[in-house]
Amino acid sequence: MKKFFKVLSIILIILLLIVGIVAVFVVNKLNKINYVEISKEEIEVNTGVEENLSGYRNIALFGIDTRDDTYEGSRSDCIMIASINHDTKEIKIVSVYRDTYLNIPGRGLDKVNHAYSYGGPALSMSTLNTNLDLDITEFATVNFTATKDIINAIGGVEIEVTDAEAKSIPRITKGGKYLLDGEQALAYGRIRKIDNDYKRTERMRTVVMAVFEKAKTMSITELNKLANQLLPEIYTNISATEILALIPKIYSYSIVESQGWPYETRGITLGGVWYGPPVNLAKNVAELHKTLFGKTEYVPTETVQEISNNIINKTGYR
């Protein structure tokens, strides 16, 4: 009996040591993440939307034009929505054009990318939710430095570039398929002068999808090492434990669609400032819900209808 208890004690000590090591590992990860707590009360969602979108997880992805550790007070150079279908494990990505003329809660009609500088990610999520009938409460923000570091950390991304695009990418002189490093991929994603902002957002989505597909080729050990390295550079309200829990699931998810939004837009200058109003907002929102959620007969909420009418009254675009 004494031997039994001695063996049992040893086993318990070993188990406690293992638990302690795991706890230290997790705490170490938690301390690395650039985490901000945002309560749901800070984020506006139109009445009835959450119930309508059950079964989906919608996350806002922001890219901001800074190169230091600043993640607030800047306009969002890139705005994307990643919509995850829990049943099918499919991800659809939608870029919202940064000059889109929408209603920013408490501010009125303005460019959607101004919301981030006015009130950070909380106001940006509220703006997307109230104008697009979404239920986003989670976000992740990266700046230029983080974007380059992420791509370098995974060993670069393979992207096909045109002759025109090649002129704007460092150390490339002609079109073709290249393994782009962080600096090159960032330059590719920011190209706009050769065409327009719509193609620019398409290139940004191409980079995001290439990063995702490259990550799926990495082992769990490599992904954990990657998370350890990159968590400090990602500003988010998604906890480190949630991120770590998602890592093993990455292999079961796939990006099946990538689009820009609004689907129909027309430029206008108001007060000397150029905007890109949706034509019209309610129709574009109905089409968005058909694309993302399969809602073929979707009727936008009263809030969206009201904003849509305000945009029509301001621009004359119906």
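Residues numbered from 1 in each chain as written. Predicted model: local features only at pLDDT ≥ 70, side-chain atom pairs only at ≥ 80, totals over all residues. Heavy atoms only, no water.

**So, the sheet that holds strand E2 (residues 56–64)**
Thinking step 1. Judged by pairing direction, the sheet is mixed, and its seven strands sit side by side in the order E1-E10-E7-E2-E3-E4-E11 without closing on themselves. Pairing within the sheet leaves two strands with one partner each, and these edge strands are strand E1 (34–35) and strand E11 (254–261).
Thinking step 2. Sheet topology places strand E3 (residues 76–85) next to strand E4 (residues 90–96); five bridges connect them, and they run antiparallel. In the strand pairing of E4, Ala 82 is matched with Ile 93. (Pairing = 2+ DSSP bridges. Helix = DSSP H or I, 4+ residues; strand = E, 2+ residues; numbered from the N terminus.)

**A word on the nonpolar core**
Thinking step 1. Val 96, Leu 128, Leu 132, Phe 139, Trp 261 and Leu 281 are the most contacted members of the largest nonpolar core, which has 41 residues in total.
Thinking step 2. Put simply, the parts of the chain that give this core at least two residues each are E2, E3, E4, strand E5 (101–104), helix H3 (114–132), strand E12 (268–270), helix H10 (281–293) and helix H11 (302–315).
Thinking step 3. In contact with Phe 139, not counting residues within four places along its chain, are Val 36, Ile 38, Ile 59, Ala 60, Phe 62, Pro 121, Met 125, Tyr 235, Thr 236, Asn 237 and Ile 238. (Core = buried A, V, L, I, M, F, W, Y, C linked by side-chain atoms within 4.5 Å. Buried < 20%, exposed > 50% of the residue type's maximum accessible area, 1.4 Å probe, protein only. Contact = heavy atoms within 4.5 Å.)

**What about the pairing of E2?**
Across a regular strand the side chains alternate sides, sitting on one face of the sheet and then on the other.
Thinking step 1. For E2, the tally of buried residues reaches eight of nine residues, placing the bulk of the element in the interior.
Thinking step 2. Across nine bridges, the pairing between E2 and E3 is antiparallel. Bridge pairing in E3 places Ala 60 opposite Ile 81.
Thinking step 3. As paired strands, E2 and strand E7 (residues 138–143) are joined by six bridges and run parallel to one another. Looking at E7, one finds that Leu 61 is bridged to Ala 140.

**Section: the pattern of salt bridges**
Thinking step 1. Taken as a whole, this structure holds 14 salt bridges when the rule is applied.
Thinking step 2. The closest approach of N and O atoms between Arg 57 and Glu 138, which form a salt bridge, is 2.8 Å. With Arg 57 in strand E2 and Glu 138 in strand E7, this residue pair connects regions lying 81 residues apart in the sequence.
Thinking step 3. On the basis of relative accessible area, Arg 57 is assigned to the buried category, the value being 14%.
Thinking step 4. If you follow the salt bridges from partner to partner, you end up with Asp 77, Arg 98, Arg 190, Asp 197 and Arg 200 in one network. (Salt bridge = Lys/Arg side-chain N within 4 Å of Asp/Glu carboxyl O.)

**A short note on the packing of helix H6 (residues 182–189) against helix H7 (residues 197–215)**
Packed helix pairs are characterised by how far apart their axes lie and by the angle those axes make with each other.
Thinking step 1. Where H6 meets H7, the axes come as close as 8 Å, and the angle between the chain directions of the two elements is 150 degrees. Judged by residue contacts, Ala 185, Tyr 188 and Gly 189 of H6 engage Arg 200, Arg 203, Met 204, Thr 206 and Val 207 from H7.
Thinking step 2. Class assignment for the residues of the contact of H6 with H7 results in four nonpolar, two polar and two charged. (Axes fitted to C-alpha atoms, helices over the stretch in contact; angles between N-to-C directions. Nonpolar A, V, L, I, M, F, W, Y, C, P; charged D, E, K, R; others polar.)

**What to know about the environment of Val 161**
Thinking step 1. Mapped onto the secondary structure, Val 161 falls in strand E8 (residues 157–161).
Thinking step 2. Val 161 sits in the buried class, given a relative accessible area of 4%.
Thinking step 3. In this view, Val 161 contacts Ala 166, Ile 169, Lys 174, Gly 175, Gly 176, Tyr 178 and Tyr 188; residues no more than four positions away in its chain are not counted.

**A word on the confidence of the model for the protein chain**
Thinking step 1. Chain-level statistics for the protein chain give a pLDDT mean of 89 and a share of 89% at 70 or above.
Thinking step 2. Contacts from residues 19–27, a stretch scored under 50 in pLDDT, to residues over four places away or in other chains number two contacts. (pLDDT = per-residue confidence, 0-100.)

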